[in-house]
Amino acid sequence: MLRICPAFSCSICLDLLKDPVAIPCGHSYCMNCIKSHWDTEDEKTIYSCPQCRQTFTPRPVLVKNTMLADLVEELKKTGLQAAPADHCYAGSDDVACDVCTGRKLKACKSCLVCLISFCEKHLQPHYDSPAYAKHKLVEPSKKLQENVCSRHDEVMKMFCRTDQQSICYLCSVDEHKGHDTVSAAAERNEKQRELEVSRQNIQQRIQDREKDMKMLQQEVEAINGSADKTVGNSEKIFSELIRLMEKRRSDVKQQVRSQQQTEVSRVRELQEKLEQEITELKRKDAELEKLSHTEDHNQFLHDYPSLSPLSESTHSSSIKIRPLRSFEDVTAAVSEVRDKLQDVLREKWTNISQTVTEVDVLLSEPEPEPKTRAEFLKYSCDITLDPNTAYTKLLLSDGNRKVTLMSKQQSYSSHPDRFTYWCQVLSKESLMGRCYWEVELRGNVSVAVTYKNISRTGLSDECWFGRNDKSWVLDCDSNSYNFYYNKVFTPVSGPRSSRVGVYLDHRAGILSFYSISETMTLLHRVQTTFTQPLHAGLGFMIQKTLLSCVS
């Protein structure tokens, strides 16, 4: 066969144009071919050219191109036919046309009624003849025979819901008699609705996950930004500290060298005076020695009065030197500063490290809160009281784990962290994560947690546990409990005992107080957001009360 110009062939069926039509972009197709192609795009409401992909809205109206149709008819009369291109023949992975003889073409459709597949040429009767109007055409399939009942050799047009399998109509009156059977189309519609619901759920989950992805990306950017900013700020702060230390080192060096120069100058000046005096004394001694060797008595007596008298020394007979201790004292003072800085760094480094590890973006499934005392004790932490914060009449003992309110002031040195009016003391340790401790008390005692930046000086409410927004306190007297936060009073009911347990989950913002006896009784629970590390606090409401911390 002769191959004709592609201008007279349809790029869809690759055959001579049948009822040729030209679409707005200028390309030509068989009317049925382009109609079928656009029928598959009806759901999109946008129609495209199979060759150049130009889109059209609305669907173009198709009008037969009579001039092109006449040219095609002339070609047919000459006996020229368009030979199929090699890529139109069926390969091993393709569905072949069941009607073609010899070398088979690729099938473009399969018929679920005929149960065979057709190439474009042999499919044409399905489009042209009304007899095929009710036939169901689908994409080419190699599994058409799976639609045939292996027992009755009939098309399986029904579905047994009882056995969940496709059957033919003979099966429905035979081994599936009495079962819940419906037409395959009805079951398909039911499953299609379920499929649509599943798709909607999947699409919703996709949207949710895409939102999560976007949120996580934002979190990544926020984490990176925050970390970069923190590293920059930390570098700046540490650089300032280094500059300050360098400045202080330079100041000490300059002061020592200046004092060294002053003291050396004083000594040098004294040395010069002493050297002058020694020179004068040696000269005078030489004169006296010379005179002492004069043999003529008259000459000796004559020259002796002419000798100049010995001037008195401006200095004592001996120079007294104080022991050189001043510079060693400077070394001791610098060493003391170093030791204090090391203590501060050791104490604060734990807080810094804990604060860094507390950064947690992803919300994992929270651990359940403890229920029994044994479970609470798993989170037990050692609490020691800080003498630098203790009111001056508080006596700390038992390794700073017990405090007693005394009538006389204790010998504490002045410290900016000390409470100057309220009988209160804070723990040395800062509290992060999950912590639990118990307070054994006698008398009327306040059990508190507080931010470290609570005010300390004076009698204002800013220094008093529970009367500001920096502290939470449970007041325990002999008859009742009362809870305070930011001056808000909350009466608390519960059994009075000599021991109170405190549970803190800093990340979850949970603070709970328990009465401890044979069982644990929840007294009061706080749900909030903690913005800083916390410290345990103890306070007194009456004199001569003994209190100890137990963990």
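Conventions adopted
Residues numbered from 1 in each chain as written. Predicted model: local features only at pLDDT ≥ 70, side-chain atom pairs only at ≥ 80, totals over all residues. Heavy atoms only, no water. Buried < 20%, exposed > 50% of the residue type's maximum accessible area, 1.4 Å probe, protein only. Helix = DSSP H or I, 4+ residues; strand = E, 2+ residues; numbered from the N terminus. Arc of directions from axis to C-beta. Contact = heavy atoms within 4.5 Å. Pairing = 2+ DSSP bridges. Axes fitted to C-alpha atoms, helices over the stretch in contact; angles between N-to-C directions. Salt bridge = Lys/Arg side-chain N within 4 Å of Asp/Glu carboxyl O. Core = buried A, V, L, I, M, F, W, Y, C linked by side-chain atoms within 4.5 Å.

Participant: Would you mind going over helix H3 (residues 120-128) in detail, with residue names and values included?
Facilitator: Inspection of H3 places Glu 120, Leu 123, Gln 124 and His 126 among the buried residues, and these make up the whole buried set. Down the axis of H3, the sector holding all buried residues measures 160°, keeping them to one side. Exposed residues on H3 whose side chains face more than 90 degrees from its buried face are Lys 121 and Asp 128. Buried residues along H3 sit in contact with helix H1 (31-39), strand S5 (109-111), strand S6 (116-118) and strand S7 (137-138).

Participant: Run through the sheet that holds strand S15 (residues 445-451), naming residues and quoting values.
Facilitator: Pairing within the open sheet is antiparallel, and its 6 strands lie in the order S13-S22-S15-S16-S17-S18. Each having just a single partner strand, strand S13 (424-426) and strand S18 (488-492) make up the two edges of the open sheet. Between one strand axis and the next, the sheet turns through 20° on average, direction left out of account. Pairing analysis gives 7 bridges linking S15 to strand S22 (residues 534-540), with the strands arranged antiparallel.

Participant: For the pairing of strand S12 (residues 402-405), give the residues involved together with the corresponding values.
Facilitator: Direction of pairing for strand S11 (residues 394-397) relative to S12: antiparallel, over a ladder of 4 bridges. By the bridge assignment for S12, Leu 394 is matched with Leu 405.

Participant: Now, about the pattern of salt bridges: what can you tell me, with residues and values included?
Facilitator: A side chain with one charge may pair with a side chain of the opposite charge, provided their charged atoms come close. According to the stated counting rule, one finds 27 salt bridges in the structure shown. Among the salt bridges present, the one from Arg 161 reaches Glu 187, with a minimum N-O distance of 2.6 Å. With Arg 161 in the loop between strand S8 (158-160) and strand S9 (165-167) and Glu 187 in helix H5 (residues 184-292), this residue pair connects regions lying 26 residues apart in the sequence. Residue Arg 161 is classed as partly exposed on the basis of its relative accessible area of 31%. Arg 209 is paired through a salt bridge with Asp 212; the nearest N and O atoms lie 3.4 Å apart. Of this pair, Arg 209 and Asp 212 both sit in helix H5, 3 residues apart, which is roughly one turn of that helix. Using a relative accessible area of 31% as the deciding quantity, one classes Asp 212 as partly exposed. Connected through salt bridges with shared partners, the residues Glu 280, Arg 283, Lys 284 and Glu 287 form a single ionic network.

Participant: For the environment of Phe 419, give the residues involved together with the corresponding values.
Facilitator: Its place among the elements puts Phe 419 in the loop between S12 and S13. C-alpha of Phe 419 to C-alpha of Asn 388: the two residues are 31 residues apart in sequence and 8.9 Å apart in space.

Participant: So what's going on with the sheet that holds S9? Which residues, and what values?
Facilitator: Here 3 strands make up an open sheet; going across it, the order is S9-S8-S10 and the pairing antiparallel. Each edge of the open sheet is held by one strand with a lone partner, namely S9 and strand S10 (181-183). Going from strand to strand, the sheet's axes swing by 35° on average, the running direction of each strand aside. Against the sheet, H5 contacts S8 and S10, and its axis sits at roughly 90° relative to S10.

Participant: Now, about the nonpolar core: what can you tell me, with residues and values included?
Facilitator: Counting residues in each nonpolar core, the largest one holds 38 residues, and the members touching the most others are Leu 394, Leu 431, Trp 437, Trp 472, Leu 474, Leu 511 and Phe 513. Excluding its chain neighbours within four sequence positions, the residues that come into contact with Leu 511 are Val 449, Trp 472, Val 502, Tyr 503, Leu 504, His 524, Arg 525, Val 526 and Phe 530. Within the second largest apolar cluster, 19 residues are counted, among which are Cys 10, Cys 13, Leu 68 and Val 72.

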